[in-house]
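The residues making up each chain are set out below.
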Amino acid sequence: MKNTILITGGTGFIGSHTAVELMQSGWRVIVLDNLCNSEPDVIERIAAIGASRPHFVAGDVRDAALLDQLFASHTITAVMHFAGLKSVGESWQQAAHYLDNNVGGTACLVAAMERAGVRRLVFSSSATVYGEPDTVPIAESAPLRTTNPYGRSKLLCEDMLRQLQAADPRWQVALLRYFNPVGAHASALIGEKPTGVPNNLMPYITQVAAGAHPYLRVFGNDYPTIDGTGVRDYIHVVDLAQGHLAALHYLLEEGRGITANLGTGSGVSVLQLVAAFTQATGVTIPLQILERRPGDVASCFAATEQAWEALRWRAQLSLQAMCADAWRWECSRAAAGASHG
Ligand code: NAD
Ligand code: UFG
């Protein structure tokens, strides 16, 4: 039996999929989550997919005493830190809360890890740290800048973690910059649970397909892109989860940190995603073209060489699989009587 990984935010969308992949590779998993954006039944669902049940601790990453107790009672090989707030719009309304939760939470976690002598960390960063990119595909060496408080909170965490490694080489941190995670586990037991009306494209499409909204609002068709609509790098959440295992192996084998984009490297427009969804599911999505959404960039997709050369990881799952799995998850939620708020 391998050792134990502590996953903060492990009942959330990406953390839960990563827990499954880790446990299926033989790792023991402890999930720490304060359930501010997830449900405790996710633990049973992870257990239903994976080989065993993760150990669940309901609590906050800002609770130093709880973290000390966790590190004292388990031998933890590394921490994967997903716990954070992620809504760009909400971050404008609650800027102090985003700083406290995302930056304060990371600082509290890192301090506890230092006290415990656990210095391997995989951190959930975002392509948002590239702001409006000068060129695409975006390499890890591109300038870092942000356009909203959420993005700033991620960049502040990255800065803190870079500083930590520079000051003490015993720290090994993987800064993973996710592009646009979508899809769900093929079992349809876990997936994304947006609260209220989703801001993101894929959950909005699946809700239109399920009849919760009459049409998809396409935010702008006058961008300098293939068909005028915004281009993004959609990546299946299971591929993303496997990227975390690759990063963990890198830390263990190389003994030093890494910064890597996790994306497919392919840019897909809004209309292309809608067409792929219809092809994968047979469901037609009515559209309405609206003005551009403030703050949106035309095109954002990853350079993937670094992830391949350093981590030997690349995304495998197709756009079809992303759409089919997102739709299967939406249908299973509807069958379970989930409300679309
Ligand atoms: P999510 O909201 O589904 O999961 C985050 C989990 O963290 C939730 O279960 C929530 O309850 C928990 N949490 C939040 N604050 C906490 C705290 N202080 N203590 C303990 N638990 C706490 O989000 P996700 O999509 O799984 O994202 C995971 C991470 O990846 C986040 O840090 C997010 O910023 C980052 N990220 C997400 C995306 C995306 O599009 N989903 C893109 C780039 C980066
Ligand atoms: N879009 C629509 N209609 C919708 C929703 C989105 O046309 O109802 C368009 C957007 O204008 C954009 C594309 O679909 O062109 C993707 O939008 P998303 O909101 O799904 O994703 P973003 O790339 O805008 O943002 C995501 C995360 C942010 C993160 C950013 C960069 O939501 O938190 O990726 O990583 F900062």
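Anything mentioned here points back to the structure above.
Residues numbered from 1 in each chain as written. Chains lettered and ligands numbered in written order. Predicted model: local features only at pLDDT ≥ 70, side-chain atom pairs only at ≥ 80, totals over all residues. Heavy atoms only, no water.

(A) Examining helix α8 (residues 237–254) more closely. Helix length check: α8 (18 residues) gives 25 Å between terminal C-alpha atoms against 26 Å at 1.5 Å per residue, within 8%. For α8, the tally of buried residues reaches 13 of 18 residues, placing the bulk of the element in the interior. Looking one or two residues past α8, Gly255 carries a phi angle of roughly 70 degrees, positive in sign. (Helix = DSSP H or I, 4+ residues; strand = E, 2+ residues; numbered from the N terminus. Expected span 1.5 Å × (residues − 1). Buried < 20%, exposed > 50% of the residue type's maximum accessible area, 1.4 Å probe, protein only.)

(B) A look at the sheet that holds strand β14 (residues 299–300). Read from one edge of the open sheet, three strands run β12-β9-β14, paired in mixed fashion. Either end of the sheet is taken by a strand with one partner, and the two such strands are β12 (268–269) and β14. Across two bridges, the pairing between strand β9 (residues 231–232) and β14 is parallel. The residue bridging Val231 from the neighbouring strand is Ser299, located in β14. (Pairing = 2+ DSSP bridges.)

(C) Main features of the pattern of salt bridges. Across all of its chains, the model carries 16 salt bridges by this definition. Linking Arg162 and Asp159 is a salt bridge whose minimum nitrogen-to-oxygen distance equals 2.9 Å. Here Arg162 and its partner Asp159 are both found in helix α6 (residues 149–167), three residues apart, which amounts to about one turn of the helix. Residue class for Asp159 comes out partly exposed when judged on its relative accessible area of 39%. Linked through salt bridges whose partners overlap, the residues forming this network are Glu158, Asp159, Arg162 and Arg177. (Salt bridge = Lys/Arg side-chain N within 4 Å of Asp/Glu carboxyl O.)

(D) Region of interest: the site of ligand 1. By nearness alone, 27 residues border ligand 1, and Asp33, Asn37, Ser38, Lys86 and Tyr150 come closest of all. Between ligand 1 and Gly12, the relevant distance is 3.3 Å, taken from an oxygen atom to a main-chain nitrogen or oxygen of the residue. Between ligand 1 and Asp60, the relevant distance is 3.0 Å, taken from a nitrogen atom to a side-chain nitrogen or oxygen of the residue. Protein chains shield 95% of the accessible area of ligand 1, which is 820 Å² for the free molecule. Of all elements in the fold, only α1 (13–24), β5 (120–126) and α6 reach the threshold of two or more residues within the shell around ligand 1. In terms of residues, the shell around ligand 1 owes the most to one element, β5, which gives three residues. Classifying every residue of the shell around ligand 1 by side-chain character gives ten nonpolar, twelve polar and five charged. (Near = heavy atom within 4 Å. Polar contact = N/O pair within 3.5 Å; in protein donor to acceptor, adjacent residues only side chain to side chain. Areas by Shrake-Rupley, 256 points an atom, 1.4 Å probe, with all protein chains shown as cover. Nonpolar A, V, L, I, M, F, W, Y, C, P; charged D, E, K, R; others polar.)

(E) Representation of the site of ligand 2 in the model. Taken together, 23 residues are adjacent to ligand 2, and Asn200, Arg217, Arg232, Arg293 and Asp296 come closest. In the environment of ligand 2, an oxygen atom lies 2.9 Å from a nitrogen or oxygen atom belonging to the backbone of Phe219. For ligand 2, whose accessible area on its own is 690 Å², the fraction buried by protein is 88%. Counting only elements with at least two residues in the shell around ligand 2, the list comes to α7 (201–209) and β8 (216–219). Ranked by residues supplied to the shell around ligand 2, first place goes to β8 with four residues. Tallied by class, the residues present in the shell around ligand 2 amount to twelve nonpolar, six polar and five charged.

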